[in-house]
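Architecture at a glance
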Amino acid sequence: MNNSGVGKVFKREQVLFIAILALLVVVIMLFSFRALGSGNNNTDFQKRFTTFSDDWTVTVDGNSSTVTFPALLTSGDDSLIVLSKTLPESIPEYSALAMRNYHLVIYARVNGELIYTYPNNPSDDFTLLSDAWSIIELKPEYAGATLELTLKTLSFRKFSDYIYDFYLGDSNSIIKHISDLSSFPFMTGIILLTIGAFIIGLSLLFGKHTDQSPNIPLGLALMLFSVWMMNRSRPAMFSGSNGRIFLISLTSMLLVAPFLFLFVSRRSEKLRKLSYIGFIASFLFGIFVIGARSLVRFDAEIVTTVAYAFGFTALIFNLVFLHDRSFGKPSMQIPKEERNLNIIEFSTLVLFVITALVGFITNTKQLRTDINIPMRVLLIVYSLAYLGIILWRVYIAAREREVVAHKLQESQLELMMGQIQPHYMFNTISSIRTMVKVDPDTAYNMLYDFAKYLRANVDNTTNLGGIKIADEVENIKSYANIELVRFADRLDIDYVIESGDFLVPALSIQPIVENAIKHGVTKKPSGGTITLRTYEDADNYVVEVKDDGIGIGPAAACKLFRAAKDTGYEENHSKRLAQEAMKSIIDDVHLLDEDGERIDLRELLDTYKPVEEEIKEKHKSAGMSNIIMRLREMAEAKIEISSQVNVGTTVKVSFPKDSEFQKPQEEKEE
């Protein structure tokens, strides 16, 4: 904020954050593109290993056949597949055999001797095994011996999928080669993790100035899915302890859909209930899978397919929301710039969803737990697009707040002009003229108060930095003293000033007192009392204006709050601000009829139809909208209104102690 209390959204630490964000994204992208082209092109290096995929003997249910990999294999009724082949006549030191293991327990034997197991401890009850590279170390004495691999599935279904190439040779060369193959997919996970973290960071940083509530769930969903993406492409050197690592990544993946449903629920009123149902269903599914993994035998492909189905459903919900905001009827009320941002998000998300669905439907050579490169790339494209959209919306907010600052000054001038209306001046001067003959001392004091009142209003017309509540109270007293003379025994004002050392927007409390006098107490035949109280609690400075006047009845409530019902996007910015100001306090307005029964303000506004005279005089109710807007925009204040017909009205304004508005002027200028 600048001196006006609303100004600059971009402060130094925020600009620094955005600069770091841009730098990191560029560095990571450059590193990823480098990794994409950094395949193992060293010929001498590659000669240290070779494929070992020909002429394997496969035994299933006692039936043997010879196959060359890649090959589609299906386990037998005993859930076993046995592969065997004679090793070369010469095996150098530090040799190894590598294979991609798809959710299987592996036992490797040489001439009947067990030399390798996956997982490391087969007694561990991990029914949801990862797919990862298995590196089986071979000793020189194994030369010419028979290698037997027993593959066992732990799921309730038979294994039926492709087994890919085997690599035989120097173990370090094989690990380096596999790591090169995994580098780009692994980096896509790192990029997505970074983007998700920055989305959350931007949301927390700019949450005060723009609505960032949907973005934190999306950022968390992206970060959780990045963990899953990185697990799918882990280099071979990390394959030693897969059970618990896979369980962590699977837990992350199962939480993606619930956060996506939360993301949609915070964006779309129309889809909120369905999104909450999706959130509950997907969350309970994830909890069940993780919690019951030791009791129930699951199939990894089915579990992840269901999780993906939940995630795609949430994305379809988001597409429906974006379509309405971009091309549907509601889009007609959305500013063109915002609509264009929605179209960009809609387009990138459509590309990602189509690519992902096609990949899962046509992917017959890999389990659906794999994530293909096009899906990874388009997910990053969508995430980067959304990150850019967030930054652009922050820029729009910063730009619009400059408009707000001008509007606040205009509203302050309007308030001043409204208070110094000709009929008010004539009435005051007429009262002073009468008192000159009847009571000169009272006339003198009235003239003094009137001069102070005019001076304070003129001096504060351009003051958007706030004044001390004590000064505002003095201005109120100048105005109220005149009214006390005019209304004699029908008006009484009490001041209970328990805290006077905090800031309020100039001319913000005075109009509330004026409304209490004009529309509350003096409308009551017997008159009444107004109490102005200031105090503080743990988090707020509070100003309370209470009267025992006629209260706010249904008709008065409709006139006062009808701006909250008006559509505002197709109107000018000032009307939008007034509409938003009134909408912001609807839930904090508590109205009772003369019998103490609650008046439903929302229902009242839905059925209210103003008569022609009220439409013509609509500007007369704009004062309260301006006051609420200024209190909200300048001081981040919360306004609560409680009223009962024929009992009175209380307006409570809470100013947060930790707001920028309450800081000393020197700190604001920094």
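Our structure is the block above this text.
Here is a short report on the structure shown in this document. Numbering of residues begins from 1 in every chain and follows the order in which that chain's sequence is written. Thresholds applied to this predicted model are a pLDDT of at least 70 for local features of residues and 80 or more for the giving and counting of side-chain atom pairs; totals over whole chains, interfaces and linings are not thresholded and use all residues. In computing side-chain properties, one takes all heavy atoms of the structure into account and sets aside hydrogens as well as water.

1. Regarding unusual backbone geometry
Omega for the peptide link from Phe69 to Pro70 comes to 5°, which places this bond in the cis form. Secondary structure counts use DSSP, requiring at least four H or I residues in a row for a helix and at least two E residues in a row for a strand, with both numbered from the N terminus. The residue Pro70 is located in the loop between strand 3 (63-67) and strand 4 (71-74) in this model. In the Ramachandran plot, Asp61 falls in the positive-phi region, its phi being about 55° despite a non-glycine side chain. Here Asp61 lies in the loop between strand 2 (56-60) and strand 3. Under the relative-accessibility criterion, Asp61 is labelled partly exposed at 39%. A 1.4 Å probe rolled over the protein chains alone gives each residue an accessible area, and that area as a share of the maximum for its type sets the label: buried under 20%, exposed over 50%, partly exposed in between.

2. Some words on the pattern of salt bridges
For salt bridges, the criterion is a side-chain nitrogen of Lys or Arg within 4 Å of an Asp or Glu carboxyl oxygen. Using the criterion set out here, one finds 16 salt bridges in the structure. Glu345 is paired through a salt bridge with Arg267; the nearest N and O atoms lie 2.8 Å apart. Residue Glu345 is located in helix 9 (residues 336-362), and its partner Arg267 is located in the loop between helix 6 (256-265) and helix 7 (272-291); the two are separated by 78 residues in the primary sequence. With respect to burial, Glu345 and Arg267 carry one shared label: buried. The partner of Arg602 in a salt bridge is Asp587, and the shortest N-O contact between them spans 2.8 Å. Of the two residues, Arg602 is situated in helix 17 (residues 601-607) and Asp587 in the loop between helix 16 (573-585) and strand 18 (589-592); the sequence distance between them amounts to 15 residues. Since its relative accessible area comes to 56%, Asp587 is described here as exposed.

3. Some thoughts on helix 3 (residues 171-205)
The first and last C-alpha atoms of helix 3 sit 48 Å apart over 35 residues, in line with the 51 Å expected at 1.5 Å per residue. In this analysis the local bend is the angle between axes fitted, respectively, to the seven residues ending at and the seven residues starting at the residue. Most pronounced at Ser183, the bend in helix 3 amounts to some 45°, and the proline Pro185 follows within four residues. With 25 of its 35 residues buried, helix 3 lies for the most part within the structure. A helix is expected to reach a length of 1.5 Å times the quantity of its residues less one.

4. So, the sheet that holds strand 3
The strands that make up a sheet pair up through hydrogen bonds in the backbone, lying either parallel or antiparallel. The antiparallel open sheet is built from six strands, whose spatial order is 3-2-5-10-7-8. Where the open sheet ends on each side, the last strands, each with one partner, are strand 3 and strand 8 (113-118). Averaged over all adjacent pairs, the angle separating strand axes in this sheet is 20°, with direction ignored. Examined bridge by bridge, strand 2 and strand 3 share five bridges and lie antiparallel to one another. Each residue of the ladder has a partner; that of Val60, found in strand 3, is Asn63. Following DSSP output, two strands are said to pair if at least two bridges run between them. Orientation is described by axes fitted as lines to C-alpha atoms, over the contacting stretch for helices, and by angles from 0 to 180 degrees between their N-to-C directions.

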